[in-house]
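Topology and contacts: notes
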Amino acid sequence: MNEQHLGTDAAEAAGQQQVTELAELRAQLNKQQRTIRRLEQELAAVTGSKVWRTAEFFRRLIRVQLLHLFPSLQSVHLPAARRWSREYLLLPLTRLGLIKGEYQQWQAGEAQYLRQLGEQAEARIAALERQPLISLVMPVYNVKPAWLLAAVQSVQQQWYGHWQLCIADDCSTDPELRAMLAELAAADQRIEVRFLEENQGIAMASNAALAMARGEFVGFLDNDDELAPHALLEVVRALDANPELDCIYSDEDKLSESGHRYDPFFKPDWSPDTLRSYNYLCHFTLVRRQLLERTGGFRAGFEGSQDYDLFLRVSEQARQIGHIPQILYHWRAIEGSVGKRGDAKMYAYKSGRKALREHLARLKLAGRVEDGLFLGSYRIHYRLSAPHPLAIIIPSKDQVQVLKRCVDSILERTSYQHYRIYIVDNGSEEEQTFAYYRSLESREQVHILHYNQPFNFSAINNFAVGQTSEPFLLFLNNDTEVISPTWLEEMLGHIQRPEVGAVGSLLYYANNTVQHGGVILGIGGVAGHAHKYAQGREYGYFGRLKTVQNLSAVTAACLLTRRSVFAEIGGFEEGLSHAFNDVDLCLRIRRQGYLIVYTPFAELYHHESISRGYENTPEKMDRFKQEREFCEERWDKLLGQGDPYYNPHLSLSREDFSLDASWEKWEKD
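Scope of this entry: the structure provided in the associated data block. Numbering of residues starts from 1 in each chain and follows the order in which that chain's sequence is written. Note on the predicted model: pLDDT of at least 70 is required for a residue's local features to be given, and 80 or more for side-chain atom pairs to be given and counted; whole-chain, interface and lining totals, by contrast, use all residues. Think of the side-chain values as coming from all heavy atoms in the structure, minus any hydrogens and water.

Turning next to the overall build of the protein chain. Strands here are runs of E lasting at least two residues and helices are runs of H or I lasting at least four, both read from the DSSP assignment and numbered beginning at the N terminus. A count of helical and extended segments in the protein chain gives 20 helices and 23 strands. When the accessible surface of the protein chain is summed, it comes to about 30500 Å², and 52% of that surface belongs to carbon and sulfur atoms. Throughout, the Shrake-Rupley method with a 1.4 Å probe supplies accessible areas, and for residues the shown protein chains are the sole cover considered.

Listed below in structure tokens is the structure:
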């Protein structure tokens, strides 16, 4: 009885403690909600003030109008000056450690995180269900002994010690190097060295090292690069959390000859279209050994891009590909290295095109491969499987000159001809609008629909879809203007692929700065446009502005989908009449398992919000707030997880892929 009584008391005490904790959490939540309401009121007061509206007028005047008067300055000279200062001033000074930037601030936070992680390393390793052997493959050829020693020591200093280092020397001519390799193997039984009798090239040397591997997973380490001390620990933790992973990769940075880290590449999660645009996996990548054996390892004839060829083949068979958003690899930038100069090995890009062509052939995808817009990138022209009838749906109200510019640009500049334009009039009142409609009656490709209800972007487009029959649907704003003649072929080439659910384009302001380079979740709360206000000639963060890639969403100012996909998800959400309806549409498409594709090779101008104006009145701001809250509630979990095609170490307060130098986002568990 006493034991039962004690158990009851303990249970009551525990229950009371939980009630108390719950009450405290509710109080904290209420306090935070009051703070949010107060800040929203203050923000509304600020943005509704005359001072703010006046400042906003001048900001837009400078961005959109003033720079338009000097097109060569803003489109040619400024981008060139930025690139020159970055390449010849900022990067050299950073390599020498003479200047510190946001990445140095970020590294300070990283160091604090690593101190905490290091203290817990043994406990974390002990908690793993499995501790697999990790084999590291390293081909060696006439590398500077100091760099080789640093690379090997970076492996020996790993917190996770269950590894095997497989080194294949490709008949180096430096006797000091061969002696060092022999000493390293003799001193550490985890290091195995094979000396090749003749030089066979990096692909065959890598295979020779791979033949020694016994680990469940195999990673690739160049003979002059370094691993972060927690690299293998983070890898085995990820593998322990998801046993279905067949391939895993991390973020990386560069390492100067003097030992300074710079140029971090914070990557997106697995993105098949990004990999077809360039080898973004690169370092540090590990593959399940059984899968490597099935794919045949490295292949001769792809020198310089032998890893790209391998990753493409692995991606075709891998069950899942994972990403660790941490800098686990330091790529040493030395003379003759691509890490220092992209043009150091021009033959590599020819090999890359060959690898991509064979990748398409294996997948039975008809397409032509060519170089992309910058060195090391590629573009695929997907061949259309058939003429695809297309409905171009354009909601509009008056502003006839805006609409006419849009329609004329389609009719006069578009090379693809299997389309019909459906102008959806939403309450026009001006006689010149109806006169323009009458002038279009002779155009067989143009049709006028009437939607005589209050403006609701989602409802208008849903109505129009119901009035059309074409199997492909392009939603287009009336304030857009076609630039690329082949924009429709480009977008159709992607949407015809069964795994793709929507395709978006690159949109510019009239002054040739970027209005839309895709949508990133979390920027500004719900979502924002990638690379907004970037110069049109810039390539963006690691080329992401000017490469085909997968994203979470694209704007419906120019969005192509299949009718079947649109019907499957139930069309646009009519509860979102003005804002975020395109984001919501794309997220529901993704929820069904489809990919969203952004292509920079379909270019249009977007003279944003000309006909409907900006969200700058109290009524409009209140509506925007309600629609934002609608999205935040519906997509709360996804927004909390972060955009998989962005990176948790990139800023959510700006659209330019700036680094978030805070370290709080690092995993704490």
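What follows is about the pairing of strand 22 (residues 558-562). To sort residues, take the accessible area from a 1.4 Å probe on protein chains only and compare it with the maximum for the residue type: under 20% means buried, over 50% means exposed, and anything in between is partly exposed. The buried fraction of strand 22 amounts to five of the five residues, a majority that puts the element mostly inside the structure. Here the rule is simple: two strands pair whenever DSSP picks up at least two bridges between them. As paired strands, strand 15 (residues 472-476) and strand 22 are joined by five bridges and run antiparallel to one another. Note on strand 22: the bridge partner recorded for L473 is T561. For strand 17 (residues 500-508) and strand 22, the ladder comprises three bridges, and the chain directions are antiparallel. Paired with A502 across the strands is T561, a residue of strand 22.

Packed helices, taken two at a time, are described by their axes: the angle between them and the distance between them. Axes here mean lines fitted to C-alpha atoms, for a helix over just the part in contact, with angles spanning 0 to 180 degrees between N-to-C directions. Following both chains from N to C, one finds helix 5 (residues 145-156) and helix 6 (residues 175-187) inclined at 20 degrees, their axes separated by 10 Å at the closest point. By the angle between their axes, helix 5 is roughly parallel relative to helix 6. Every pair of crossing elements has a handedness; the one defined by helix 5 and helix 6 is right-handed. Across the interface between the two elements, P145, L148, L149 and V152 of helix 5 pack against E176, L177, M180, L181 and L184 of helix 6. Looking at the contact of helix 5 with helix 6 residue by residue, the class counts come to eight nonpolar, no polar and one charged. When describing relative orientation, an angle under 35 degrees is termed roughly parallel and one over 145 degrees roughly antiparallel, while 65 to 115 degrees is termed roughly perpendicular and anything else oblique. Should the near helix be turned anticlockwise from the far one by less than a right angle, the crossing is termed left-handed; should it be turned clockwise, right-handed. Contacts are assigned to residue pairs with any non-hydrogen atoms lying within 4.5 Å of each other. Gly is put with the polar residues, along with every residue not named as nonpolar or charged; the nonpolar set is Ala, Val, Leu, Ile, Met, Phe, Trp, Tyr, Cys and Pro, and the charged set is Asp, Glu, Lys and Arg.

So, on to the packing of aromatic side chains. Two aromatic rings from Phe, Tyr or Trp, using only the six-membered ring of Trp, form a pair when their centres are within 6.5 Å; if the ring planes differ by under 30 degrees the pair is stacked, by over 60 it is edge-to-face, and anything between is tilted. Inspection of the entire model under this criterion finds 23 aromatic pairs. Here Y451 and F463 contribute two aromatic rings whose centre-to-centre distance is 5.3 Å and whose plane-to-plane angle is 50 degrees, an arrangement assigned as tilted. You can see Y451 sitting in the loop between strand 14 (446-450) and helix 15 (457-466) and its partner F463 sitting in helix 15, a full 12 residues away along the chain. Judged by relative accessible area, Y451 falls into the buried class, the value being 15%. With relative accessibility at 24%, the residue F463 sits in the partly exposed group. Here the aromatic rings of F566 and F572 are separated by 5.7 Å at their centres, their planes lie at 65 degrees, and the arrangement is edge-to-face. The class for F566 is buried, based on a relative accessible area of 7%. Taken together, the ring pairs connect F265, Y541, F542, Y646 and F657 into an aromatic cluster. Against the face of F302 rests K354, its NZ or CZ located 4.6 Å from the ring centre. A ring is scored as having a charge over it whenever the NZ atom of a lysine or the CZ atom of an arginine sits within 6 Å of its centre and within 35 degrees of its normal. Positioned over the ring face of F601 is R379, at 4.0 Å from the centre of the ring.

Another aspect to go through is the pattern of salt bridges. Salt bridge, as used here: a side-chain nitrogen of Lys or Arg that lies within 4 Å of a carboxyl oxygen of Asp or Glu. Under the counting rule described, the total for this entry stands at 34 salt bridges. A salt bridge links R368 to E370, with the shortest nitrogen-to-oxygen separation between them at 3.0 Å.

One less than the number of residues in a helix, times 1.5 Å, gives the span that helix is expected to have. Counted at 1.5 Å a residue, the expected span for helix 13 (residues 400-413) with its 14 residues is 20 Å, and the 19 Å between its end C-alpha atoms agrees. Those residues of helix 13 that fall on the buried side of the exposure criterion are V400, V402, L403, C406, V407, D408, S409, I410 and L411.

Between H283 and F284 the backbone carries a cis peptide bond, its omega angle lying at -5 degrees. Structurally, F284 can be placed in the loop between helix 9 (272-277) and strand 8 (285-288). Residues other than glycine seldom take positive phi values, yet N142 does so here, at roughly 45 degrees. Looking at where N142 falls in the secondary structure, it is placed in the loop between strand 1 (134-140) and helix 5.

The next subject is the side chain of T468. Structurally, the position occupied by T468 is in the loop between helix 15 and strand 15. Residue classification places T468 among the buried residues on the basis of a relative accessible area of 10%. By the criterion applied in these results, polar contacts are pairs of N or O atoms within 3.5 Å in which, for protein atoms, one can donate a hydrogen and the other can accept it, and in which residues neighboring in sequence qualify only through two side-chain atoms. From its side chain, T468 meets the backbone oxygen of V465 in a polar contact 3.1 Å long. Within the local environment of T468, its side chain forms a polar contact with the side chain of R563, the two groups lying 2.7 Å apart. Residue contacts for T468: discarding those within four places in its chain leaves A391, Y422, L473 and R563.

By the criterion of burial, helix 15 is predominantly enclosed, with eight of the 10 residues buried. Those residues of helix 15 that fall on the buried side of the exposure criterion are F457, S458, A459, I460, N461, N462, A464 and V465. Elements that come into contact with the buried residues of helix 15 comprise strand 12 (390-396), strand 13 (419-425), strand 14, strand 15, helix 17 (563-569) and helix 18 (581-591).

The element strand 23 (residues 595-606) is extensively covered by neighbouring structure, given that 11 of its 12 residues are classed as buried. One ladder, built from three bridges, connects strand 16 (residues 480-482) with strand 23; its direction is antiparallel. When the sheet's bridge partners are listed, V482 is paired in strand 23 with L604. Examined bridge by bridge, strand 17 and strand 23 share eight bridges and lie parallel to one another. In the strand pairing of strand 23, Y508 is matched with Y605.

We call a set of buried residues a nonpolar core when its members are Ala, Val, Leu, Ile, Met, Phe, Trp, Tyr or Cys and they connect through side-chain atoms within 4.5 Å of each other. F220, F266, F475, L559 and I589 are the most contacted members of the largest nonpolar core, which totals 100 residues. Here F266 is in contact with Y103, W106, D251, I327, Y541, N647, H649, L650 and L659, once residues within four sequence places are set aside. In terms of nonpolar packing, the next biggest core, distinct from the first, is built from 45 residues, I134, L148, V152 and L245 among them.

Looking now at the packing of helix 11 (residues 306-317) against helix 12 (residues 347-362). As a packed pair, helix 11 and helix 12 sit with axes 9 Å apart at the nearest point and diverge in direction by 15 degrees. With respect to their mutual orientation, helix 11 and helix 12 come out roughly parallel. Crossing hand, helix 11 versus helix 12: right-handed. Contacts between helix 11 and helix 12 involve Y308, D309, L312, R313, S315 and E316 from the former and G352, A355, L356, H359 and R362 from the latter.

Along the polypeptide, K267 turns up in the loop between strand 7 (261-265) and helix 9. One polar contact links the side chain of K267 to the main-chain carbonyl oxygen of S250, over a distance of 2.8 Å. A distance of 3.3 Å separates a polar atom in the side chain of K267 from the backbone oxygen of Y280.

Mapping Q320 onto the fold places it in strand 9 (residues 320-332). What makes Q320 partly exposed here is its relative accessible area of 34%. Distance from Q320 to W270, taken between C-alpha atoms, is 8.8 Å for residues 50 residues apart in sequence. Discounting residues that sit within four places of it in the chain, Q320 has contacts with N242, E244, L245, D246 and C247. Here N242 takes part through its side chain, which lies 2.8 Å from a polar atom of the side chain of Q320.

Let's shift gears to the environment of A208. Its location among the elements puts A208 in helix 7 (residues 202-210). Exposure remark for A208: the relative accessible area of 8% places this residue in the buried category. Separated by 90 residues in the primary sequence, A208 and F298 place their C-alpha atoms 9.9 Å from one another. Discounting residues that sit within four places of it in the chain, A208 has contacts with A168, R194 and L196.

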